[in-house]
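Per-entry structural report
Chain residues, written in single-letter form:
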Amino acid sequence: MLVLGIETTCDETAAAVIAREHDGSGKILSNVVRSQVQEHARFGGVVPEIAARAHVDLLDGIIGRAMQEADTRFDQLSAVAAAAGPGLIGGVIVGLTTAKAIAMVHDTPLIAVNHLEAHALTPRLTSALDFPYCLFLASGGHTQIVAVVGVGEYVRLGTTVDDAIGEAFDKVAKMLGLPYPGGPEVERAATQGDPARFAFPRPMLGRADANFSLSGLKTAVRNEASRLTELTPQDINDLCAGFQAAVLESTADRLSVGLKLFQQRFGPPHALVAAGGVAANQAIRSSLQDVAVKAGTTLIMPPPALCTDNGAMIAWAGAERLALGLTDTMDAPPRARWLLDANAKAPAGYTHTRAGF
Ligand code: KG4
Ligand code: ZN
């Protein structure tokens, strides 16, 4: 089975070709990712309209390269898959419409993939992992704990009630004058700082649900920063260290509750899987390792290039769906919001967050 995957939901323009064997194993034949970080850096964040235009300019060339590197012709494809959401709608439209055009011209099945489902299924491409397992997805747009029970069967166990973790790193970086994207900058500064100098809150600690909250912590960092009249490099390092320590403690607590909820409903998970750009953070990685060991499971992290947005994960999710006969029609809609778990509701008291409600 040969599947082309297209990803355009945020600021990466990406395409890949993967092969899926009868035994369910997968192979990446090509995986081309063009990050638009340069285009957005001077605005301190992703600008949706610039992203959509860049996808229009770049996507044809990226798909061409992915097909060429995989030495594959369009008429050899078993299907074409595109991320149909959730994400920035302009970009989603570009990717999905392109996939529809290819599907129509080459009379190939179309698969409209949920971007979060693609993150959720990636570890089955890189390791022979059986269902069920627990996914911790932490990126600039998403912070979720999800029970991955089967293809198309996802139960959200926890989510953020306000900002995503990566978003909080980016906002803290911005308020301290560090460049975008802020996650790696904050991590670097934190290694030089004193995590105990500022007493930041540990959001949601000890709560029985597995939800996250980042905006109070972010405000606490802003308040401390504005109390200091002039920020010295050491102040910045200490603020970053204090912020990151609070995120680590809160995340470890939220995940251990999430793993307990998992165990109660589905029995022991085959693994704790971490994905999303935030999983690149070394301090977070080692804290996740501890959480997994304490819960009696193992931590799996796909290689960084497959944890962040890419086309191979979309192609793989497409292949997993195609193997079950799950294809889509030409009227598959692009979606800005698209819950992975159809039964999930916003946590009580919250009606809307950036994170996907
Ligand atoms: O998964 P990703 O590449 O893109 C999406 O958001 O979909 O994640 C990017 C996010 C950004 O918010 C970035 O600041 C954060 O991941 N990030 C990090 C680190 N590297 C990237 N956050 C904390 N520590 C890092 N080392
Ligand atoms: Zn993503």
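Residues numbered from 1 in each chain as written. Chains lettered and ligands numbered in written order. Predicted model: local features only at pLDDT ≥ 70, side-chain atom pairs only at ≥ 80, totals over all residues. Heavy atoms only, no water.

Focus: the sheet that holds strand β7 (residues 143–150)
The mixed open sheet is built from five strands, whose spatial order is β8-β7-β6-β9-β10. Each edge of the open sheet is held by one strand with a lone partner, namely β8 (153–159) and β10 (299–300). In this structure, strand β9 (residues 272–275) lies alongside β10, joined through two bridges in parallel fashion. Paired with Leu272 across the bridge in β10 is Leu299. (Pairing = 2+ DSSP bridges. Helix = DSSP H or I, 4+ residues; strand = E, 2+ residues; numbered from the N terminus.)

Regarding the site of ligand 1
If you check the shell around ligand 1, you find 17 residues, and the closest are Gly140, Asp170, Glu187, Gly277 and Asn281. Between Gly140 and ligand 1, the recorded distance is 2.7 Å, taken from a backbone N or O atom to an oxygen atom. In the model, a nitrogen atom of ligand 1 is placed 2.8 Å from a nitrogen or oxygen of the Glu187 side chain. For the shell around ligand 1, the secondary structure elements donating two or more residues are α5 (165–175) and α6 (182–191). Across the shell around ligand 1, the residue classes break down as three nonpolar, ten polar and four charged. (Near = heavy atom within 4 Å. Polar contact = N/O pair within 3.5 Å; in protein donor to acceptor, adjacent residues only side chain to side chain. Nonpolar A, V, L, I, M, F, W, Y, C, P; charged D, E, K, R; others polar.)

Some words on a nonpolar patch on the surface
Nonpolar side chains collect at one region of the surface, where Met104, Val105 and Met330 lie side by side and expose about 320 Å² of accessible area between them. Mapping Val105 onto the fold places it in helix α3 (residues 89–105). Among the residues examined, Val105 registers a relative accessible area of 66% and is labelled exposed. (Patch = residues over 30% accessible without salt bridge, like charges linked within 9 Å, V, L, I, M, F, W, Y side chains within 5 Å. Areas by Shrake-Rupley, 256 points an atom, 1.4 Å probe, with all protein chains shown as cover. Salt bridge = Lys/Arg side-chain N within 4 Å of Asp/Glu carboxyl O. Buried < 20%, exposed > 50% of the residue type's maximum accessible area, 1.4 Å probe, protein only.)

Section: the domain arrangement of the protein
The domain architecture assigned to the protein consists of domain 1 (2–125 + 305–323) and domain 2 (130–304). Look at where the C-alpha atoms of domain 1 and domain 2 centre, and you get two points 27 Å apart. Contact residues are listed per partner, giving 22 residues for domain 1 and 22 residues for domain 2. Across the interface of domain 1 and domain 2, roughly 1,800 Å² is buried in total on both sides, 69% from carbon and sulfur atoms. Scanning the region where domain 1 abuts domain 2 turns up zero salt bridges. At the boundary of domain 1 and domain 2, one finds ten residue pairs in polar contact (both at pLDDT 80 or more). Going through the elements one at a time, α1 (37–41), α4 (115–126), α10 (304–307) and α11 (311–323) are the ones with two or more residues in the side of domain 1 that touches domain 2. Among the elements that take part in the side of domain 1 that touches domain 2, α4 stands out by supplying eight residues, more than any other. Of the residues contributing to the side of domain 1 that touches domain 2, the split by class is twelve nonpolar, five polar and five charged. (Domains from an automatic or database assignment. Contact = heavy atoms within 4.5 Å. Buried area = accessible area lost by both parts, 1.4 Å probe.)

Section: the sheet that holds strand β4 (residues 79–85)
Across the sheet, which stays open at both edges, the five strands sit in the order β3-β2-β1-β4-β5 with mixed pairing between neighbours. Unpaired on one side and paired on the other, β3 (26–35) and β5 (110–114) mark the two borders of the sheet. Pairs of neighbouring strands in the sheet enclose a mean axial angle of 20 degrees, with direction left out of account. In terms of strand pairing, strand β1 (residues 2–7) meets β4 through four bridges, oriented parallel. Along β4, the bridge assignment pairs Val3 with Ala79. Along the sheet, helix α2 (residues 48–69) contacts β1, β2 (12–20) and β3; its crossing angle with β2, the most-contacted strand, is approximately 25 degrees. (Axes fitted to C-alpha atoms, helices over the stretch in contact; angles between N-to-C directions.)

A short note on the packing of α5 against α6
What describes two packed helices is the angle between their axes and the distance between those same axes. Remark: α5 packs on α6, axes separated minimally by 8 Å, with the N-to-C direction vectors making an angle of 70 degrees. Regarding the angle of α5 to α6, the classification is roughly perpendicular. The two elements α5 and α6 cross, and the hand of that crossing is left-handed. Each of Phe169, Asp170, Val172 and Ala173 in α5 lies in contact with α6, whose residues at this interface are Gly182, Gly183 and Val186. (Parallel < 35°, antiparallel > 145°, perpendicular 65-115°, else oblique. Left-handed = near helix turned anticlockwise from the far one by under 90°.)

Some details on the nonpolar core
Ranked by size, the top nonpolar core spans 47 residues in total, and within it Phe136, Ile145, Ile165, Phe200, Phe243, Val247 and Leu272 carry the most contacts. Aside from chain neighbours lying at most four places away, what touches Leu272 is Cys134, Phe136, Leu255, Leu259, Leu288, Ala292, Thr297, Thr298, Leu299 and Ile300. Judged by nonpolar contacts, the second largest core, of 35 residues, contains Ala79, Ala81, Ala275 and Ala315. (Core = buried A, V, L, I, M, F, W, Y, C linked by side-chain atoms within 4.5 Å.)

Focus: the pairing of β1
With respect to burial, β1 is a largely interior element, five of its six residues being buried. Sheet topology note: the β1/β2 ladder contains six bridges and is antiparallel. Bridge pairing in β2 places Leu4 opposite Val17. Counting the residues that bridge the hairpin from β1 to β2 gives four residues.

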